[in-house]
Amino acid sequence: MTSATTRLVLVGNGPVGHQFLETLVASGRADQFDITVFGEEPRAAYDRVHLTAWFETRSAEPLNMVAEGFYDHNQISVYSGRKITAVNRDKKTVSTDCGIEVAYDVLVLGTGSFPFVPPVPGHDRSNTFVYRTIEDLEAITTASLGGSVGTVVGGGLLGLEAAKALHDLGLKTHVVEFAPRLMAVQVDDGGGKLLRKKIEDLGVSVHTGKNTQQIIDGSEHTHKMCFADGEELETDLIVFSAGIRPQDELARQSGLDIGERGGISVNNYCQTSDPAIYAIGECALWGGRIFGLIAPGNEMARVAADHVLGGVEDKQFLGADMSTKLKLMGVDVASIGDAHANTPGAKCYTFIDEQTEVYKKLVVNEDASKLLGAVLIGDADDYGNLLQFALNGIELPEHPEAMILPSLDGSASVGLGVDALPESAQICSCNNVSKGDLCNAVAGGALTVGDLKSCTKAATTCGGCTALVGQVLNAELAKLGMEVNTDLCEHFPYTRQEIYHLVRVGGIKSFDELLAKHGKGHGCDICKPTAASILASCWNDYILQPEHAGLQDTNDRMLANMQKNGTYSIVPRVAGGEITPDKLIVLGEVGKKYKLYTKITGGQRIDLFGATVDQLPLIWKELVDAGFESGHAYGKSLRTVKSCVGSTWCRYGVQDSVGAAIDIENRYKGLRSPHKLKMAVSGCTRECAEAQSKDVGIIATEKGWNLYVCGNGGMKPRHADLFASDIDTETLIKYIDRFLMFYVRTADRLQRTSVWMDNLEGGLEYLQNVIINDSLGIAAELEAEMTHVIGTYQCEWKTTIENEDKVKMFRSFVNSNKGDDNVVFVQERGQIRPATDAERELGEDLIAVA
Amino acid sequence: MSWTAVCSLADIPPNAGVAALLNGKQVAIFNVAGEVFAVDNHDPFSGANVLSRGIVGSIDNDLVVASPIYKQHFALATGRCIEDESQSINAYSVRLEGDTVMLGLADQAAA
Ligand SMILES: Cc1cc2nc3c(=O)[nH]c(=O)nc-3n(C[C@H](O)[C@H](O)[C@H](O)COP(=O)(O)OP(=O)(O)OC[C@H]3O[C@@H](n4cnc5c(N)ncnc54)[C@H](O)[C@@H]3O)c2cc1C
Ligand code: SF4
Ligand code: SF4
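Thresholds, definitions, all that
Residues numbered from 1 in each chain as written. Chains lettered and ligands numbered in written order. Predicted model: local features only at pLDDT ≥ 70, side-chain atom pairs only at ≥ 80, totals over all residues. Heavy atoms only, no water. Contact = heavy atoms within 4.5 Å. Buried area = accessible area lost by both parts, 1.4 Å probe. Salt bridge = Lys/Arg side-chain N within 4 Å of Asp/Glu carboxyl O. Polar contact = N/O pair within 3.5 Å; in protein donor to acceptor, adjacent residues only side chain to side chain. Helix = DSSP H or I, 4+ residues; strand = E, 2+ residues; numbered from the N terminus. Nonpolar A, V, L, I, M, F, W, Y, C, P; charged D, E, K, R; others polar. 1 Å grid on protein atoms, 1.4 Å probe; cavity = no way out; pocket = protein on both sides within 12 Å on 5 of 7 lines; lining within 4 Å. Points joined across faces, edges and corners; volume = space filled by probe spheres on them. Pairing = 2+ DSSP bridges. Axes fitted to C-alpha atoms, helices over the stretch in contact; angles between N-to-C directions. Buried < 20%, exposed > 50% of the residue type's maximum accessible area, 1.4 Å probe, protein only.

Draft legend 1. Fine view of the interface of chain B and chain A. Each partner contributes residues to the interface: chain B has 36 residues there, and chain A has 36 residues. Taken together, the two surfaces of chain B and chain A that pack against each other cover about 2500 Å², and 52% of this comes from carbon and sulfur. It is Leu21(B), Arg53(B) and Ile55(B) in chain B that bury the most area against chain A; as a group they hold 29% of the surface buried on that side. Here chain B is connected to chain A by zero salt bridges. Applying the counting criterion to the chain B and chain A interface returns 14 residue pairs in polar contact (both at pLDDT 80 or more). Mapped by element, the contributors of at least two residues to the side of chain B that touches chain A are strand E1 (2-8), strand E2 (16-22), strand E3 (25-32), strand E5 (55-59) and strand E6 (62-66) of chain B. Top contributing element to the side of chain B that touches chain A by residue count: E2(B), with seven residues. Considered class by class, the residues forming the side of chain B that touches chain A number 21 nonpolar, 11 polar and four charged.

In C-alpha cells:
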C-alpha cells in the first residue's frame, strides 16, 4: 500500500468497535488512516456489560468508555445518532439515514446484536421493553413509576439481570421462562432448581415451562399475559429478554455471506466474504457460532485491527471459551465448558448442599483424567482453578470430587498449583492476560496484586481471576527468590498490621514499651508516627501527652498544618460544611486580627494560613471560646464529611444529607487511621457532594442510603464502589463503624482505602463478606473498638489551651519571646503570602511577624 | 569557646527538640535518651527554620532528626545530611551542668 491514508469506516460504536479503535491507536499507526465512526445510539461507546450499573447513578457518564479527547487527539470523526442504512460495495461507500455518503477503503462492521422479541400477538403494546441500551433503562424507569408489577420474559442470564433491576425499582417482579428451568444454556436441572429457590427467596416469582400465547388488556394491571397451559398473569410492564440476534442487516442488504440463522460469516482474520469488509463482535459468525460475550468480541477487534495494519503480529481468531462467572441477584453462578456433559462418554460428579444452598458439578472425560466442564451455584470460588484445568487440559488429581467437596477438617481444598500452568495459560480472559504476562510484570517490579492490576489490567473487569492472580504473584516472588520485605522500618521487623495487633493484644500503651518489647534502636520518622497513630486508634489518649508528643509528625505535634515557610495553617471543624453567620464572623475577625491568609478548602471548611508557632494557642483560645473544635486537618484521621443541602432545601433531595453528614462527622471526628479519611453525603443521585470520590460516600435514595467505599481524589483518582444499597441509617452507621475499624486494623502505613481494598485478596466481595456477613466473626469487636474511640473523643486544642505546660511547647524559642524573623510575607490580592527568595533579597514591602 | 545557659533539661520534651535564639542565631536542641544535642534550626532544603520540630530517631548507628518539610535526615552529633552530604548543617557543643543545658559557641575571634 502507498503512504496515502486509508479511508476506514467503522459502523457501530459499541464496546467492541471501541476496542478496535483503541487497538489501532495503541499501535501508534492510526495516523495512516482517515477514520470515520457511525453509531446509531445517541452517544459514543459505553460499557454495555455493566449496563445495569446505570441504575446506581441514573447517569450515562460512569459507563462511558471513551477517554477524554480520544477522538480529537487521534483525528477520528464520530457521528452519534447516525444509522448506516446501506453499503454499496461496488462504489465502496456507505450511506446514512440522512442521505450522507462516505467512501471507504476498509469497512468494519461492529453492529452488535438486537434483542429478540417473540412475535406473540400484543408484543408491541405500549409499556413493553427490551434491555439493551441506556434509553431502554430510562424508559423502564419512567414506566415503573406508573405501575406496581413487572414481568421479564426470559429466564436467561440477561433476563435475571433485568428482573433484578425491576425488583430494585420497587416492582413486584415475575420471570416467565419457556424452558423448564432458569438459565437453560449455562446450568443443568439440579443447578437450575437451586438457582430458582435462591431467586424466589429474594421475592421474585419464577414461572418456568410457560409459553406466552398472547398479551391483552389486563383488568387490574395494564397487561394480561395468557399462557398455553391456560394460566394468566397480570402485569404493568413487560421486558423481553428472550435472546439476542446478530445485527446483520447491512450484510444482507449488500449481499455478504450470512449464516443460516443469521450472523455475518468471517474468516480467522474477521474478514467477511468481501476482503475489504470486516465484521467483529456480536454481529460476526465464526465457525458457525456467534459469541455473545465481551471477551471474544474484544479478541476479534484486536485480530481485525492487526490485520488492517498489515498483520504484523499475525493474530488470528480461533474461537473462544464461553465460560462465565457472574453474580446474579446476589447469587454466584459459574458455568465452564461442557456444562451439560454432551461430550460422548462424559461423566459427572455432583455436590448439593441444600442447607447452605450450594450446587457444584464437575464434568470429566471417560477416564476422569481431564475436566470438560463445570457448574457452580451459590459458591463460585473454585471458578478460576477449575477453568484453568479445563482450558489447559491439565491432568486431574486422583479423586476429582475432592475439588468440589467442602474440606471438613479445614485442610486446604485440592487446588491447582499455579506452577502447573503453562506460560500461555490465560488467567484473565476479560483482558487477555496470560500467566506469562503476569510473570513478566512481577519480574519488572510489580510486587502486589494492586500493582499487577494497574500494570496488566488483570482482574479489573469481572474480578473472577483475582485469587489466581494472587497465587501467580506469590509463586513468582518465591521463584525469583524475592523476599518481599514488609518490615515497617529498620527498627521493627513487622508490618503495620502486625504492630497494630501487638499493641492491641499486648495492651501496649507507649512507644518506649513497644520499642523495648518488639523493636530496636531509637525509632525514626517512619515508625514513630505509625506507632502514634496505632496507639491513638487503640487507646485514644491525648496525643501530646509527654510520652506521645515526640512521636507525632510536625503537623500532629503542633496540631496544625506546616506550610512551606514553617508557619502553620488552622482549620477548625465545620461539620458537614454547615456554619452559622456568627461563627463565620468569628473566623473573619480572628483572621483579621492575626493577619492570616484565608481560603475555602475543598472539604467545605475555612483554612487560616500564616500563623507562627507561638500564635497557635492564642488563636485557638479565641476559637475554642467561640465554640469551635479542632478540625484534625493536621492528622491522618477523619477530615471532613462534605454534604449538599439535601431535602431541606434542594427540590430534588430525598433525604436530609446535611443532618446525616453532621452526625457522621461528629461520630468519627478524631479517629486516627493509616491515612486521611474523607467522606461525603449527597441528598439524591445527582450527587452534588461528589460522594463517589471519597473513602466513604453516601448517596440518599428513596428508601434510605446507598453506601460507597474506597474512592479517592488526589494523584490517582478512583471512583468508590457501591457497597450496600437502600440501607437504613442504623445499618449505614453499623457498616461504616466496622469498615473503618477493619481498615484501621489491617491497612498499611499511609495506604488509602482504595489501595488497601485492591490488595485484599477477594477485593470488594471479600470486604462485603467481612463487614456485612461478618464472615470473620469480628463485627462485634470492631463495633466495640469504635464505640471506645467515640466515647473517648476530646478536642485536642481545648485540652491543650487548658494546660499551661502544653502551651509552653508552642513557644518559638525556649529562651526568648521573639518570633522567627525569617518568616516574612508580602501582600497579594489583599492578603499575605510567603515572600519569595527574590522578594526577600529586594527587601521591599516585606511584612515580618517577628 | 564560650558557654551560654539556654534552658533547663525539663524544657525539652523527651525524644524531641526545641528552638533557641543565641545572638540572633537559631539553634535546635534535642533531648534524646537523656543526652542533649544541638544543630542549626535552619533546614537548607526548604529554607525554613524548622528542624527543632522534626522527629528524632536512629538510622543505623547515627542519631538523626528528620526535617519536617521534605524529610531529609541530619545526624545530631555532626550535622551531616544522610541523603545529601553537600547540604550538611552545623552541629554545636552542648553539655549539661546539673539540670541546665549549656551551649558552646565558638568565640567571636574564631568565628
Ligand atoms: C444487560 C447486559 C449485560 C451483559 N453482561 C455481560 C457480561 O456479564 N459478560 C459479557 O461478556 N457480556 C455481557 N453482555 C454482552 C456484551 O454487552 C456484548 O457482548 C457487547 O456489548 C458486544 O459488543 P458489540 O460492540 O459487538 O455490540 P453492541 O454492544 O451491540 O454495539 C453495537 C452498536 O452498533 C450500533 N449499530 C448497529 N447497527 C448500526 C448501523 N447500521 N449504523 C450505525 N450503528 C449501528 C448499535 O446501536 C450499537 O450501539 C451483556 C449485555 C447486556 C445487554
Ligand atoms: S445531590 Fe441531589 S439533593 Fe443534593 S444538591 Fe444535588 S440535586 Fe440536590
Ligand atoms: S495539590 Fe500539590 S500544591 Fe496543591 S495543596 Fe496539594 S500538595 Fe500542595
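Draft legend 2. Quick peek at empty space enclosed by the protein. Residue and element names in this part refer to chain A. If you walk through the whole model with that rule in mind, you get five cavities of 30 Å³ or more. Roughly 90 Å³ of internal volume is contained in the largest cavity. In this structure, the largest cavity is lined by Ala536, Asn540, Asp541, Tyr542, Ile543, His632, Lys669, Gly670, Arg672, Tyr793, Gln794 and Glu796. Among the residues making up the lining of the largest cavity, the classes are represented as four nonpolar, four polar and four charged.

Draft legend 3. Quick peek at the sheet that holds strand E15 (residues 232-235) of chain A. Residues and elements named next belong to chain A. A sheet is described by the order of its strands in space; here three strands give the open sequence E13-E14-E15, paired in antiparallel fashion. Of all strands in the sheet, those bounded by a partner on one side alone are strand E13 (212-217) and E15. Neighbour-to-neighbour, the strand axes of the sheet open up by a mean angle of 20°, direction not taken into account. Relative to strand E14 (residues 223-227), E13 runs antiparallel, the two being bridged by five bridges. Within E14, the residue paired with threonine 212 across the bridge is phenylalanine 227.

Draft legend 4. Quick look at the pattern of salt bridges. Under the defined criterion, the tally for this structure stands at 47 salt bridges over all chains. The salt bridge involving Glu97(B) is made with Arg95(B); its shortest N-O contact spans 2.7 Å. Exposure remark for Glu97(B): the relative accessible area of 38% places this residue in the partly exposed category. Residues participating in the shared-partner salt-bridge network are Lys453(A), Arg718(A), Asp721(A) and Asp758(A).

Draft legend 5. Structural context of the layout of surface pockets. Residues and elements named next belong to chain A. Roughly 1000 Å³ of internal volume is contained in the second largest pocket. Along the walls of the second largest pocket sit 44 residues, with Asn555, Ala633, Tyr634, Lys636 and Arg639 positioned nearest its centre. Listing elements by their share of the lining of the second largest pocket, those giving two or more residues are helix H15 (527-539), helix H17 (554-558), strand E29 (561-562), strand E33 (638-643) and strand E34 (677-682). When grouped by side-chain class, the residues that make up the lining of the second largest pocket number 14 nonpolar, 14 polar and 16 charged.

Draft legend 6. Inspection of the side chain of Gln19(A) at higher detail. All names here are of chain A. Within the fold, glutamine 19 resides in helix H1 (residues 15-26). For glutamine 19, a relative accessible area of 17% corresponds to the buried category. In contact with glutamine 19, not counting residues within four places along its chain, are Asn298, Ala301 and Arg302.

Draft legend 7. Highlighting unusual backbone geometry. Residue and element names in this part refer to chain A. In this model, asparagine 540 sits at a positive phi of 60°, which is unusual for a non-glycine residue. The residue asparagine 540 is located in the loop between H15 and helix H16 (546-549) in this model. Phi angles above zero are rare outside glycine, and lysine 595 is one such case at about 50°. For lysine 595, the position within the fold is in the loop between helix H18 (581-593) and strand E31 (597-600). With relative accessibility at 58%, the residue lysine 595 sits in the exposed group.

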